[in-house]
Amino acid sequence: MLKNHMEVLIENHLPSLIKDTLHVKNCEKCQNDIQALALNNLKPMYIMSDKGMVYTKLKELDLQFQSDIIRELVQAIALVEEHPRHEVEL
Ligand SMILES: [Zn+2]
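Parameters and conventions
- Residues numbered from 1 in each chain as written.
- Predicted model: local features only at pLDDT ≥ 70, side-chain atom pairs only at ≥ 80, totals over all residues.
- Heavy atoms only, no water.
- Helix = DSSP H or I, 4+ residues; strand = E, 2+ residues; numbered from the N terminus.
- Buried < 20%, exposed > 50% of the residue type's maximum accessible area, 1.4 Å probe, protein only.
- Contact = heavy atoms within 4.5 Å.
- Areas by Shrake-Rupley, 256 points an atom, 1.4 Å probe, with all protein chains shown as cover.
- Lys, Arg positive; Asp, Glu negative; His and termini not counted.
- Charge placed at Lys NZ, Arg CZ, Asp CG, Glu CD.
- Expected span 1.5 Å × (residues − 1).
- Bend = angle between axes of the 7 residues up to and from the residue.
- Polar contact = N/O pair within 3.5 Å; in protein donor to acceptor, adjacent residues only side chain to side chain.

(A) Up close: the overall build of the chain. For the chain, the helix and strand inventory stands at three helices and two strands. Helices (α) and strands (β) of the chain occur, in sequence order from the N terminus, as β-α-α-β-α. Referenced to the eigenvectors of the C-alpha coordinate spread, the extents of the chain come out at roughly 45 × 25 × 20 Å. By the burial criterion, 31% of the 90 residues in the chain qualify as buried. At a minimum sequence separation of 6, the contacts of the chain that also span at least 24 residues come to 83%. Of the roughly 6400 Å² of accessible surface on the chain, 54% is carried by carbon and sulfur atoms. In the chain, 10 side chains carry a positive charge and 14 a negative one; their mean positions are 6 Å apart.

Put into structure tokens, the structure is as follows:
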């Protein structure tokens, strides 16, 4: 099974980046949108999920791509927070 490891890294970073948002932090739809937007702007990193990767290797990749991932997520969060692609219930 191939898995895009960027998805994992993005999921790891998202919670801390949306904790101060008004809407997005409680909205699963918008969080999915943000992940999709960010993933589209980042190079996929496919790994064999069944072989697994040692934790230190993942940490290394995370550090290597951290600034790119955070930059893309911050942009996507701002966009979606301002323009959610669904009706917002108050
Ligand atoms: Zn939403």
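More follows now that the structure is in view.
(B) Quick peek at helix H1 (residues 5-18). When the terminal C-alpha atoms of H1 are compared, their 21 Å separation across 14 residues agrees well with the 20 Å that a helix rising 1.5 Å per residue should span. At Asn12, H1 is deflected by roughly 25 degrees, the largest bend along its length, and proline Pro15 occurs up to four residues later in sequence. Listed in full, the buried residues belonging to H1 are His5, Met6, Leu9, Ile10, His13, Leu14 and Ile18.

(C) Molecular detail of the side chain of Thr21. By secondary structure assignment, the location of Thr21 is in the loop between H1 and helix H2 (28-41). Here Ile18 takes part through its backbone oxygen, which lies 2.7 Å from a polar atom of the side chain of Thr21. Only 3.0 Å separates the side chain of Thr21 from the backbone nitrogen of Lys25, close enough to count as a polar contact. If we ignore the near neighbours within four places in the chain, the residues touching Thr21 are Ile77 and Glu81.

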